Amino acid sequence: QVQLVESGGGLVQAGGSLRLSCAASGRTFSGRFMGWFRQASGKEREFVAAAKWSGGSTYYADSVKGRFTISRDNAKNAVYLQMNSLEPEDTAVYYCAAGARYPSSTYYSSEYDYWGQGTQVTVSS
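For the structure given in this document, a descriptive report is provided here. Computed from a predicted structure; not experimentally measured.

## Considerations on the packing of aromatic side chains
- Scanning the model with the defined rule gives 10 aromatic pairs in all.
- Put simply, the rings of F33, F37, F47, Y59, Y95, Y107, Y112 and W115 touch in pairs and so form one group of aromatic residues.
- Against the face of Y80 rests R19, its NZ or CZ located 4.0 Å from the ring centre.
- Lying across the ring of Y95, R45 places its NZ or CZ 3.8 Å from the centre.

Next comes the structure, spelled out in structure tokens:
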């Protein structure tokens, strides 16, 4: 059974940093992409960042470029999202996702096969 478990969310002041972790179990995702999405209250889920499990290119939403960094540790079967210079607009539930097959598909939540339960990030002004 595949599981993705996020951790690292919390409350932080604007300008602060958080590091989200996503631990995967049940399979590896060689050749596939891992992603982070977020959903603010009353809004649709949106793409944040993605990276290929085996390494290589990374992809970011324009709103987080230069502030967020996605990385992975294959030995630990984990993917991370380092979030710096956080803004109140970053407040949302953040979800880890796995399984997208192509670079062009990483931006769409429907292209992912597996999802974590989400972790709340709240940025106060």
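## Description of the pattern of salt bridges
- Counted by the stated rule, this structure contains seven salt bridges.
- Of the charged contacts in the structure, one is a salt bridge between R38 and D90, with a shortest N-O distance of 2.9 Å. With R38 in strand β4 (residues 33-39) and D90 in the loop between β8 (78-83) and β9 (92-100), this pair connects stretches of sequence that are 52 residues apart. One exposure class covers both R38 and D90, and it is buried.
- Ionic pairing is found between K65 and D62, a salt bridge with its closest N-O pair at 3.2 Å.
- K65 sits in the exposed class, given a relative accessible area of 51%.

## Let's talk about the pairing of strand β1 (residues 3-7)
- Residues L4 and E6 point to one face of β1 and are all buried, whereas Q3, V5 and S7, pointing to the other face, are not buried.
- Strand direction decides the pairing type here: β1 and strand β3 (residues 18-25), joined by five bridges, are antiparallel. Counted as the bridge partner of V5 is A23 from β3.

## Some thoughts on the environment of V121
- Along the chain, V121 falls in strand β11 (residues 119-124).
- Linking V121 and R67, residues 54 residues apart in sequence, is a C-alpha distance of 15 Å.

## Here's the deal with the environment of S54
- Structurally, S54 can be placed in the loop between β5 (46-52) and β6 (58-60).
- Placed 26 residues apart in sequence, S54 and T28 show a C-alpha to C-alpha distance of 9.9 Å.
- With residues near it in sequence (within four places) discarded, S54 still touches G31, R72 and N74.

Rules used in this analysis
- Residues numbered from 1 in each chain as written.
- Predicted model: local features only at pLDDT ≥ 70, side-chain atom pairs only at ≥ 80, totals over all residues.
- Heavy atoms only, no water.
- Phe/Tyr/Trp six-rings, centres within 6.5 Å; stacked < 30°, edge-to-face > 60°.
- Lys NZ or Arg CZ within 6 Å of the ring centre and 35° of its normal.
- Salt bridge = Lys/Arg side-chain N within 4 Å of Asp/Glu carboxyl O.
- Helix = DSSP H or I, 4+ residues; strand = E, 2+ residues; numbered from the N terminus.
- Buried < 20%, exposed > 50% of the residue type's maximum accessible area, 1.4 Å probe, protein only.
- Pairing = 2+ DSSP bridges.
- Contact = heavy atoms within 4.5 Å.

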